[in-house]
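Listed here are the chains, written in short residue letters.
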Amino acid sequence: MTTTTTTDLAMVSLDSSDPAAHAAFYHRALGWEITHSQAEYAMINGGGVSIGFGLVEGYRPPAWPDPAGGKRYHLDLYVDDLAVAEKELVEAGASKPEFQPGGDRWVVLIDPIGQPFCICPRPQG
């Protein structure tokens, strides 16, 4: 099936309690350039993709795990070595929750503002 569209994804915008710190964490995690950083809004860019972080007063992160709560989003990041990446990301400010549904296929971490994200082994081949 061929689809024709007149739209392209410009960026992903995420709600945040601390946009500058949120962007700084993902800058370190992904190695992307911080292209804007203020208290109310920050942005990183890498490979033609941007992630923006916008201040939301009273922001409350989702609980993990919480089957009754609505998950807002999560990022999956490819890594070469799960153990090394986990250590580096925890040193950068992430935390590792007890509940880990991925076995050895992925690791759930929580970013510094409380939003879950996953690290996954990079596909081989």
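Residues numbered from 1 in each chain as written. Predicted model: local features only at pLDDT ≥ 70, side-chain atom pairs only at ≥ 80, totals over all residues. Heavy atoms only, no water.

**Q** So what exactly am I meant to see when it comes to the overall build of the protein chain here?
**A** Along the protein chain, the regular secondary structure elements total two helices and seven strands. For the C-alpha atoms alone, the extent of the protein chain along its principal axes is close to 45 × 40 × 30 Å. For the protein chain, the residues scored as buried account for 34% of the 125 residues in total. Of the contacts made within the protein chain by residues no fewer than 6 positions apart, 51% connect residues no fewer than 24 positions apart. If you sum the accessible surface of the protein chain, you get close to 7,900 Å²; carbon and sulfur atoms cover 52% of it. (Helix = DSSP H or I, 4+ residues; strand = E, 2+ residues; numbered from the N terminus. Buried < 20%, exposed > 50% of the residue type's maximum accessible area, 1.4 Å probe, protein only. Contact = heavy atoms within 4.5 Å. Areas by Shrake-Rupley, 256 points an atom, 1.4 Å probe, with all protein chains shown as cover.)

**Q** Got a minute to help me understand the environment of Gln100 in this structure?
**A** Position of Gln100 relative to the elements: it lies in the loop between helix 2 (82-91) and strand 6 (107-110). What Gln100 contacts, discounting residues up to four positions off in sequence, is Trp106, Val107 and Val108. Among the polar contacts listed, one links the side chain of Gln100 to the backbone nitrogen of Val108, at a separation of 2.8 Å. (Polar contact = N/O pair within 3.5 Å; in protein donor to acceptor, adjacent residues only side chain to side chain.)

**Q** When you look at the pairing of strand 4 (residues 49-55) in this model, what are you seeing that I'm missing?
**A** Looking along a regular strand, one sees side chains alternate from face to face of the sheet. The buried count for strand 4 comes to five of seven residues, which makes it a mostly enclosed element. Of the strand pairs in this sheet, strand 1 (residues 12-16) and strand 4 are connected by five bridges, and their pairing is parallel. Across the sheet, residue Ser16 finds its bridge partner in strand 4, namely Leu55. Here strand 3 (residues 41-46) runs beside strand 4; their pairing, made up of six bridges, is antiparallel. Looking at strand 4, one finds that Gly46 is bridged to Val49. In this structure, the hairpin formed by strand 3 and strand 4 is closed by a connection of two residues, where Gly47 is found at a positive phi of approximately 60 degrees. (Pairing = 2+ DSSP bridges.)

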